[in-house]
Every structure is written in structure tokens, then in C-alpha cells.
Amino acid sequence: MSRALRIQGAGFSVVALTLAAAMAVLPRPDARVELLVVAAMIILLGVPHGALDPVFARNVPGMQGGAQGMVRWAGFWLGYLALAAGVVLLWRLAPAVFLLGFLAISAGHFSGDPAAGAPPLARMLHGGAPIVLPTLLHAGEVGRLFTLLAGADAAALVLPALHALAWPWLLGLALMAAWRARTDGLAGLELASVGMLASVAPPLPAFTVFFCGMHSPRHILRTAAYAGSSLRAVLLGCAGPMLLTALGAMAAWWWLDGVAVEARVIQLVFVGLAALTVPHMALVERVRLRGWAGG
């Protein structure tokens, strides 16, 4: 693991364990305030890592230069938007399928966070922890969030399965963290921190800290290394896609007019994340599975 990733992993672990401990004893803020803070953090600190997707698209054969390259870039953006629109359409037509699919691909995508050399079982436990473990102590709240996102029928289908997995998942994660700590203390600490955060902290704050503190910065650091660019240059490169994302978010907010504010925020954030995750994974996973080889 590179020095930058180790620093990021240690920082995340400290924040995650501190939040888990604090949320266990301190009163929670007003629900609407918490929701708005969570949404702002996800949009400002979590979404930008997906805006780096053109970095990976540039290495697709035929994308460089000339008229043919311009045509391929136009095709890339049309395909990207078509995949995102397809996810939104699935949410509207088959919300239970959407919810199951979103949770499954999120767990698979998050499994790429651990450092190279992590055992497949450790990756699976890490990736699924933010999805499964919140149902351990906060099943009612998770069910309410699922209902706001995809409806009561979808929540009733998905929640019992996750709740049944929660205790075995936590036990497996604890054993894996202890085993990993024997050879790499930080790897074990990261796994334990993800598990503690997801189990103890309320679902929305827990997901936000994981997404903005582990997944997104780790992806940004790896993208900078992949591109052979400075972190500053990579972050500046996401400004254009982030502007388009902001415009899309404003259009979606208007489209959801008439929906209660809490449901509208949940749907905007998480349907938006799902819509962006599918084309994002189509680009990034092939690189991740090759071991983040540069160029």
C-alpha cells in the first residue's frame, strides 16, 4: 500500500472510530439538519471521485485525437448518459429490482477499496459491511430509508434478508480483521473501523463517513497515480463533470416537485448515486481488476 493510501486509511479509521463512539453516547441532531448535512457531504466530497471517469475513458483505444476521436467521445458521453438514464427508469418501473441491484453493485464496488493483495473474502466483507451491518442495530431506520427510496414493498423484500446476514457478517468481519492485523496492522484496523462504524453509527452518517472518508478519497488517490498526475491536477479535471452533475441534480429536484422534502433528498442523492455508479463501474472496474496499472 502506498504511503498516501496508508495515511488516508489511518485518517479514516480515526474518524470512523471516533464517530462510532460519539454517536453511541451523544444525542443526535435534528433529523432534517442531519439529512441536509449528509446530502451536502455526499455531493461535495463523495460524488467528485466519479467525475474523474474521463481519465479512464481517455485510455480506451481510439479516443485520442482527430475527428474519429471526437466521434468516439460523443459516443462515450451518450452511452454514459444512457446507462444512467436506464437506472433511473428501472427505479421508476421496478423499484424492488432497482434497490436489490443498487445494493449489490455498491457492495461489489466497495470491495475494491482494500489494498492490493487483500484476500477475496476480506474484500467481500469490507464491501458488504456498509450495506449489511446497519441493519444490526438500526433495522427500523434502514427500513424507513429504503421505503423513502424505493417504496414499502421493496423495503419489506430487502430488509429481512440483510438483517438475517448482519450477525454472521459482523462475526466474519471481526475474525478477518484480527487475522489481517497479524501481518498488516493498518489493514486490520481499516476493516475493524468499517465494521464498527457501520454497526454502531446511525445509517446515514455511517454511510456518509465511509463514502466520503474511505471510498472516494481512496479512488481519487488511485486515479492520480493511474494518470501519472498530481492530485491537484486530477481534482481540477473533475470541475466540468461536476458542473454537469450539479445541473442534473437541479433538474432532478424540479422533476421530483411534490414529493416530501425528506423523500426528495433521499431519492435525489441515492438514485443519483446509483445512476452514476453503473457507468462509473463500467469504466473503473476493468482497471481495478488489472491492479490499477497506470496508463
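Data block above holds the structure.
Q: What's the story with the overall build of the chain in this structure? I'm lost.
A: Tallying secondary structure elements over the chain gives 13 helices and zero strands in all. Secondary structure elements in the chain, listed N-terminal to C-terminal, are α-α-α-α-α-α-α-α-α-α-α-α-α. Over its C-alpha atoms the chain spans a radius of gyration of 19 Å, differing by no more than 12% from the 19 Å that the globule rule assigns to 295 residues. Considering only C-alpha atoms, the chain reaches an extent of 60 × 55 × 30 Å along its principal axes.

Q: Quick question: what am I supposed to make of the side chain of His126 here?
A: Within the fold, His126 resides in helix α6 (residues 120-132). Here His126 is in contact with Phe110, Asp113, Pro114, Leu191, Val194, Phe210 and Met214, once residues within four sequence places are set aside.

Q: Can you walk me through the packing of helix α2 (residues 31-46) against helix α10 (residues 203-227) in this structure?
A: Helix packing geometry: the angle between the two helix axes and the distance between the axes. Where α2 contacts α10, the two axes come as close as 10 Å, and the packing angle between them is 15°. Classified by the interaxial angle, the pair formed by α2 and α10 is roughly parallel. Judged by the twist between their axes, the crossing of α2 over α10 is left-handed. Contact residues: Glu34, Leu35, Val38, Met41, Ile42, Leu45 and Gly46 in α2; Leu204, Pro205, Phe207, Thr208, Phe211, Cys212 and Ser216 in α10. Along the lines of polarity and charge, the residues of the contact of α2 with α10 split into 10 nonpolar, three polar and one charged.

Q: What am I meant to see in α2 here?
A: Owing to its 3.6 residues per turn, the α-helix aligns residues three or four sequence positions apart on the same side. The terminal C-alpha atoms of α2, which comprises 16 residues, lie 21 Å apart, in line with the 22 Å expected from a rise of 1.5 Å per residue. Where α2 is concerned, the buried positions are Glu34, Leu35, Val38, Ala39, Ile42 and Gly46. Projected down its long axis, α2 carries its buried residues within an arc of 130°, all on one side. In α2, the exposed positions that point more than 90 degrees away from the buried face belong to Arg32 and Leu44. Tucked into the core, α2 has its buried residues touching α1 (3-25), α10 and α13 (261-289).

Q: Explanation requested: the nonpolar core in the structure shown.
A: One recurring pattern in soluble globular proteins is that nonpolar side chains are buried together. Grouped together as the largest cluster of nonpolar side chains are 69 residues, with contacts concentrated most on Ile42, Phe98, Leu99, Leu197, Phe270 and Leu273. Dropping the residues within four chain positions of it, Ile42 is found in contact with Val47, Phe207, Thr208, Phe211, Cys212, Val269, Phe270 and Leu273.

Q: Looking at this model, I keep getting lost on a nonpolar patch on the surface. Mind explaining?
A: There is a patch of nonpolar side chains on the surface, built from Val33, Val37, Met41, Ile43, Leu44 and Leu45 and spanning about 510 Å² of accessible area. Among the secondary structure elements, Ile43 is positioned in helix α2.

Q: It is not clear to me how the packing of aromatic side chains should be interpreted in this structure. Could you clarify?
A: Any two aromatic rings considered together are summarised by their centre-to-centre distance and by the angle between their planes. Summed over the entire model, instances satisfying the criterion amount to 12 aromatic pairs. Both rings, one in Phe12 and one in Phe210, keep their centres 6.5 Å apart while their planes meet at 80°; by these two values the pair is edge-to-face. Placement of Phe12 in helix α1 and of Phe210 in helix α10 is noted, with a sequence separation of 198 residues between them. On the accessibility criterion, Phe210 (2% relative accessible area) is buried. An aromatic cluster of at least three residues, connected via ring pairs, comprises Phe12, Phe110, Phe207, Phe210, Phe211 and Phe270.

Q: Teacher, can you tell me more about the environment of His49 here?
A: Of note, His49 is situated in the loop between α2 and α3 (53-57). Classification of His49 by relative accessible area gives buried; the value is 4%. Each C-alpha atom, one on His49 and one on Ser216, is 5.5 Å from the other, the two residues being 167 residues apart in sequence. With residues up to four places along the chain from it excluded, the contact list for His49 reads Phe211, His215, Ser216, His219, Ile220 and His280.

About the cut-offs
For every chain, the first residue of its written sequence is number 1, and the numbers climb from 1 along that sequence. Residue-level local features of this predicted model are given only where pLDDT is at least 70; pairs of side-chain atoms are given and counted only at 80 or more, and the full residue set underlies all totals for whole chains, interfaces and linings. Side-chain measures were taken over the full set of non-hydrogen atoms in the model, leaving aside hydrogen atoms and water. Secondary structure elements are defined from DSSP: runs of H or I of at least 4 residues count as helices, runs of E of at least 2 residues count as strands, and each element is numbered from the N terminus. Radius of gyration here is computed from C-alpha atoms only, and the compact-globule reference equals 2.2 Å multiplied by the residue count raised to the power 0.38. Throughout, a residue-residue contact means that at least one pair of heavy atoms, one from each residue, lies within 4.5 Å. The convention used is that axes are lines fitted to C-alpha atoms, helices contributing only their stretch in contact, and that angles between N-to-C directions extend from 0 to 180 degrees. Angular relationships are summarised with four words: roughly parallel below 35 degrees, roughly antiparallel beyond 145, roughly perpendicular across 65 to 115, and oblique for the angles in between. Crossing chirality is assigned from the near helix's rotation relative to the far helix, an anticlockwise turn below a right angle marking it left-handed and a clockwise turn marking it right-handed. Ten residue types, Ala, Val, Leu, Ile, Met, Phe, Trp, Tyr, Cys and Pro, are classed as nonpolar, four, Asp, Glu, Lys and Arg, as charged, and the remainder, Gly among them, as polar. A helix is expected to span 1.5 Å for every residue after the first. Burial classes follow relative accessibility: with a 1.4 Å probe on protein chains only, a residue under 20% of its type's maximum area counts as buried, one over 50% as exposed, and anything between as partly exposed. Within this analysis, the arc is defined by the directions that extend from the helix axis to the C-beta atoms. Residues belong to one nonpolar core when they are buried, are Ala, Val, Leu, Ile, Met, Phe, Trp, Tyr or Cys, and are joined through side-chain atoms within 4.5 Å. Residues enter patches when their relative accessible area tops 30% and they take part in no salt bridge; the joining distance is 9 Å for like charges and 5 Å for the nonpolar side chains Val, Leu, Ile, Met, Phe, Trp and Tyr. Only the protein chains shown count as cover for residues, with accessible areas throughout obtained via the Shrake-Rupley method and a probe of 1.4 Å. Each salt bridge in this description consists of a side-chain nitrogen of Lys or Arg and a carboxyl oxygen of Asp or Glu lying within 4 Å of one another. We call Phe, Tyr and Trp rings a pair once their centres come within 6.5 Å, taking the six-membered ring for Trp, and we label the pair stacked below 30 degrees between planes, edge-to-face above 60, and tilted otherwise.

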